[in-house]
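Per-entry structural report
Residues per chain are reported as follows:
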Amino acid sequence: MGKLALLINNEKVQGMVAIIAAVVMYYTPDHIDKIIEMCLAGLGISKLVIFKE
């Protein structure tokens, strides 16, 4: 379980998940987008575009 947490917290993995979510959200209705946004928030991804600050 610890390896999964490290994988989810990896910046590159979060970027890939955000890109996939953005593509899926383009083709789905708005009420499904809200569910996807909640799942992303649950994973700790607060924005769809990830860049170094």
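So, here is what we can say about the structure in this document. (Residues numbered from 1 in each chain as written. Predicted model: local features only at pLDDT ≥ 70, side-chain atom pairs only at ≥ 80, totals over all residues. Heavy atoms only, no water.)

**As for the overall build of the chain**
A tally of helices and strands in the chain yields 3 helices and 0 strands. Its helices and strands in sequence order give the chain the pattern α-α-α, from N to C terminus. Across the 53 residues of the chain, 17% fall into the buried class. As displayed, the chain has an accessible area near 4400 Å², and 70% of this comes from carbon and sulfur atoms. (Helix = DSSP H or I, 4+ residues; strand = E, 2+ residues; numbered from the N terminus. Buried < 20%, exposed > 50% of the residue type's maximum accessible area, 1.4 Å probe, protein only. Areas by Shrake-Rupley, 256 points an atom, 1.4 Å probe, with all protein chains shown as cover.)

**Looking at a nonpolar patch on the surface**
Taken together, Met16, Ile19, Val23, Tyr26 and Tyr27 make up a surface patch of nonpolar side chains, about 650 Å² in accessible area. The exposed category is assigned to tyrosine 26, whose relative accessible area is 66%. (Patch = residues over 30% accessible without salt bridge, like charges linked within 9 Å, V, L, I, M, F, W, Y side chains within 5 Å. Salt bridge = Lys/Arg side-chain N within 4 Å of Asp/Glu carboxyl O.)

**Some details on the nonpolar core**
Judged by nonpolar contacts, Ala18, Ala21, Met25, Ile36, Leu40 and Ile45 together constitute the single largest core of 6 residues. Put simply, the parts of the chain that give this core at least two residues each are α2 (11-27) and α3 (30-43). (Core = buried A, V, L, I, M, F, W, Y, C linked by side-chain atoms within 4.5 Å.)

**Thoughts on the side chain of aspartate 33**
Following the sequence through the fold, aspartate 33 ends up in helix α3. For the buried aspartate 33, which has no salt bridge, the nearest side chain bearing the opposite charge is lysine 34, at an N-O separation of 7.7 Å. At 2.6 Å, the side chain of aspartate 33 and the side chain of threonine 28 are in polar contact. The contacts of aspartate 33, once residues within four sequence positions are left out, are Met25 and Thr28. (Lys, Arg positive; Asp, Glu negative; His and termini not counted. Polar contact = N/O pair within 3.5 Å; in protein donor to acceptor, adjacent residues only side chain to side chain. Contact = heavy atoms within 4.5 Å.)

**A closer look at the packing of α2 against α3**
At their nearest, the axes of α2 and α3 sit 10 Å apart, and the two run at 175 degrees to each other. Of the possible angle classes, the one that applies to α2 and α3 is roughly antiparallel. Between α2 and α3, the residues in contact are Gln14, Val17, Ala21, Val24 and Met25 and Asp33, Ile36, Glu37, Leu40 and Leu43, respectively. Among the residues forming the contact of α2 with α3, the class breakdown is 7 nonpolar, 1 polar and 2 charged. (Axes fitted to C-alpha atoms, helices over the stretch in contact; angles between N-to-C directions. Parallel < 35°, antiparallel > 145°, perpendicular 65-115°, else oblique. Nonpolar A, V, L, I, M, F, W, Y, C, P; charged D, E, K, R; others polar.)

**A word on the packing of aromatic side chains**
What the rule picks out here adds up to 1 aromatic pair. Here tyrosine 26 and tyrosine 27 contribute two aromatic rings whose centre-to-centre distance is 5.0 Å and whose plane-to-plane angle is 90 degrees, an arrangement assigned as edge-to-face. Pair check on accessibility: tyrosine 26 and tyrosine 27 agree, each one exposed. (Phe/Tyr/Trp six-rings, centres within 6.5 Å; stacked < 30°, edge-to-face > 60°.)

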